[in-house]
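# Working through the structure, step by step
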Amino acid sequence: MATRLRATATAIAVFSYGAHASLRDPSVSANDRSGAPAADAIQRKISDPCAVVPPRAVQESALVGASPVNPLDLLVVGGGATGCGVALDAATRGLRVGLVEREDFSSGTSSRSTKLIHGGVRYLEKAIFNLDYGQLKLVFHALEERKQVIENAPHLCHSLPCMTPCFKWFEVAYYWTGLKLYDLVAGRHLLHLSRYYSAQESVELFPTLARKGKDRTLKGAVVYYDGQMDDSRLNVALACTAALAGAAVLNHAEVLSFLKDDVSERIIGARIRDTLTGKEFDTYAKVVVNAAGPFCDSVRKMADKDAKPMICPSSGVHIVLPDYYSPQGMGLIVPKTKDGRVVFMLPWLGRTVAGTTDSNTAITMLPEPNEYEIEFILDAISDYLKIKVRRVDVLSAWSGIRPLAMDPRAKNTESISRDHIVFEGYPGLVTVTGGKWTTFRSMAEDAVDAAIKSGKLSPTNKCVTYNLRLIGGDGWDPSHFAVLAQRYVRTKKSYWGKVVPEAMDTATAKHLSRAYGTLVDRVAAIAQNESLGRRLAHGYPYLEAEVAYCARNEYCESAVDFIARRSRLAFLDTDAAGRALPHVIQILASEHKWDRSRQKQELQKAKEFLGTFKSSQNAEFHDGKHK
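All of these numbers come straight from a predicted model, not from anything done at the bench. (Residues numbered from 1 in each chain as written. Predicted model: local features only at pLDDT ≥ 70, side-chain atom pairs only at ≥ 80, totals over all residues. Heavy atoms only, no water.)

So, about the side chain of S531. Relative to the helices and strands, S531 resides in the loop between α16 (520-529) and α17 (544-553). Under the relative-accessibility criterion, S531 is labelled buried at 14%. Beyond its immediate chain neighbours, meaning those up to four positions away, S531 contacts T491, K492, K493, V499, I526 and E544. (Helix = DSSP H or I, 4+ residues; strand = E, 2+ residues; numbered from the N terminus. Buried < 20%, exposed > 50% of the residue type's maximum accessible area, 1.4 Å probe, protein only. Contact = heavy atoms within 4.5 Å.)

Scanning the entire structure with this criterion turns up 36 salt bridges. The salt bridge involving E60 is made with R56; its shortest N-O contact spans 3.8 Å. Linking E60 with R56, this pair stays in helix α4 (residues 56-64), spanning four residues, or about one helical turn. On the basis of relative accessible area, E60 is assigned to the buried category, the value being 9%. Because the salt bridges share partners, they merge into one network encompassing R490, K492, E502, D505 and R535. (Salt bridge = Lys/Arg side-chain N within 4 Å of Asp/Glu carboxyl O.)

With that settled, the discussion passes to the nonpolar core. Residues L74, V97, C157 and L234 are the most contacted members of the largest nonpolar core, which totals 139 residues. With residues up to four places along the chain from it excluded, the contact list for L74 reads V86, A90, L95, R96, V97, G98, A285, V287, V289, A451 and L457. Counting residues in each nonpolar core, the second largest holds 31 residues, with L321, M330, A354 and L378 among its members. (Core = buried A, V, L, I, M, F, W, Y, C linked by side-chain atoms within 4.5 Å.)

Ring pairs (aromatic) are described by centroid distance and by the angle formed between their planes. Under the counting rule described, the total for this entry stands at eleven aromatic pairs. With 5.7 Å between their ring centres and 85° between their planes, Y182 and Y224 make a pair best called edge-to-face. Taken together, the residues Y182 in helix α8 (residues 169-186) and Y224 in strand β6 (residues 220-229) connect sequence positions 42 residues apart. Both residues of the pair, Y182 and Y224, belong to the buried class. Ring centres 5.4 Å apart and planes at 80° place the aromatic pair Y516 and Y549 in the edge-to-face group. One end of the pair, Y516, is in helix α15 (residues 506-516); the other, Y549, is in helix α17, with 33 residues separating them in the sequence. Taken as a pair, Y516 and Y549 share a single burial class, namely buried. (Phe/Tyr/Trp six-rings, centres within 6.5 Å; stacked < 30°, edge-to-face > 60°.)

Turning our attention to the packing of α17 against helix α20 (residues 574-592). Describing two packed helices takes the angle between their axes plus the distance from one axis to the other. Between α17 and α20, whose axes approach to 9 Å, the crossing angle comes to 40°. By the angle class used here, α17 and α20 are oblique. Read as a crossing pair, α17 and α20 show a hand that is right-handed. Contacts between α17 and α20 pair E544, V547, A548, A551 and R552 from the former with H583, V584, I587, L588, E591 and H592 from the latter. A per-class count over the contact of α17 with α20 returns six nonpolar, two polar and three charged. (Axes fitted to C-alpha atoms, helices over the stretch in contact; angles between N-to-C directions. Parallel < 35°, antiparallel > 145°, perpendicular 65-115°, else oblique. Left-handed = near helix turned anticlockwise from the far one by under 90°. Nonpolar A, V, L, I, M, F, W, Y, C, P; charged D, E, K, R; others polar.)

All right, on to helix α18 (residues 559-566) then. Most of α18 sits out of view: eight of its eight residues are buried. Looking at the buried side of α18, the elements it contacts are α10 (231-244), α17, α19 (569-572), α20 and α21 (596-610).

Moving on: the packing of helix α7 (residues 133-152) against α8. Between α7 and α8, whose axes approach to 9 Å, the crossing angle comes to 70°. Relative to α8, the element α7 lies roughly perpendicular. Note that α7 runs across α8; the crossing there is right-handed. Together, L136, V139, F140, L143 and R146 of α7 and Y182, V185 and A186 of α8 make up the contact between the two elements. Across the contact of α7 with α8, the residue classes tally to seven nonpolar, no polar and one charged.

Below, the structure written as structure tokens:
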């Protein structure tokens, strides 16, 4: 064992020296990389307390107004983390940018993640034992980006300690060494140092952790730190920040076909359909960036019907359990399940999220978890807990599709990359795919660099997103919730029409501060002044005022947009989301002037959407067992 650990340490030291030397030139500071004067001016524009995002109609008009003689510089297809990151990067370089998303910002993979911002402990293990320098560079890069994501959106992201229980003394030595190496690789981007806790200390930190079971006894645990986020709200913040920076972002807008130059066959734009109104229009651009995630192959085939597939879709299932499964400030890692996977159990927004699986899947708009995958996760965590793990405790379960990518330029098809790929497979169409949430910013930077080269574009400055605070993040302080609780009340209308004032309680104030950052006073003012201070669902801090605010300021155009992505109610508790639906639709109808037909349509669509979240209430039973 000692020999193996010494070999591991030696390898990491050698790798670390090379990777540190090659990833960044230490003589170049972050400000020099970003272009400090331009970055400061853009940050002031985004952080202006009076700034509001342009209305959806204005954004659509900007896309309609792009013509063959006055085209956009970039048209981005896809409103996930990468697509919105591309729009933000390009707009802050002074380019004229448009973005279209078929559904809603973060409606696909980007809202269905494990909620971790991480460097990849598993990738580090593979790098060491396989002497894979490429994997190590990926970890270095992800750890650097991890720190920046947290700093650029401090209200939506935070560090989270994660416990790795050890039931053998060899495991204590192995995981302690491995996680100390993780700290070493992070270097100056370290969040907090990892450390070992005794068995007694471990159960004090994680009360539901089992000390004994299946002929084994807990020897202790190693705790390390990664980042955690509210993924879809971070994605929406990217879209709104891009809009404030000048990008024309439009959700619920589908690309029907590409426009091509008659002579060169180069792509020069796209035919778009507004799925809310049915209106179709052409928009023109010098370069189109395909950031459609799992659907990027279908976008590529619009340009070239013979394009070879490059996406290997993988299903990742997560479940949500009550908060008592894990303490508020500590996650748990099941390092090795029956089939060798890693399963996380993490506190998230007042509940516990557990996952994930990794299995082949078909690409679909609404992926659904199956009972086998849900039971697999429940079984994996039950081996480590001293409380009974029950299927009836599952508040929500969802599936996301990871767009694992294979470079179509590669000579063989053996290696599916966890890194991202950027290439121009057809003149005028730059595709970016692969990667992971943590590295979305650098993926966007690489894609914009490729687009500038393809379209011979002329940006006014270099990339400035490295240190750019997102909307609501600049000047945010974790203690602002206390000021909010003191400053505002949340008035509400009773069932009899009487206006009743109530305190802005601590749970609500903390939620609002975390969700909206420095813009939280706008939401609180609506709750106080417009009698929209009632909670939408019992046991959850979401307020009526948030529905109105998101409709006015965050391009929330449907009931599903709100219950799934502006709030996280569908992901936290499917049944609670269903009970809140009628009230959410009522408020949105008032904001968007919906008629009764549209309201009925919204209710039906939302119910169909929630039906894909396999909570205990909509699970199927056969002979006493789940299907």
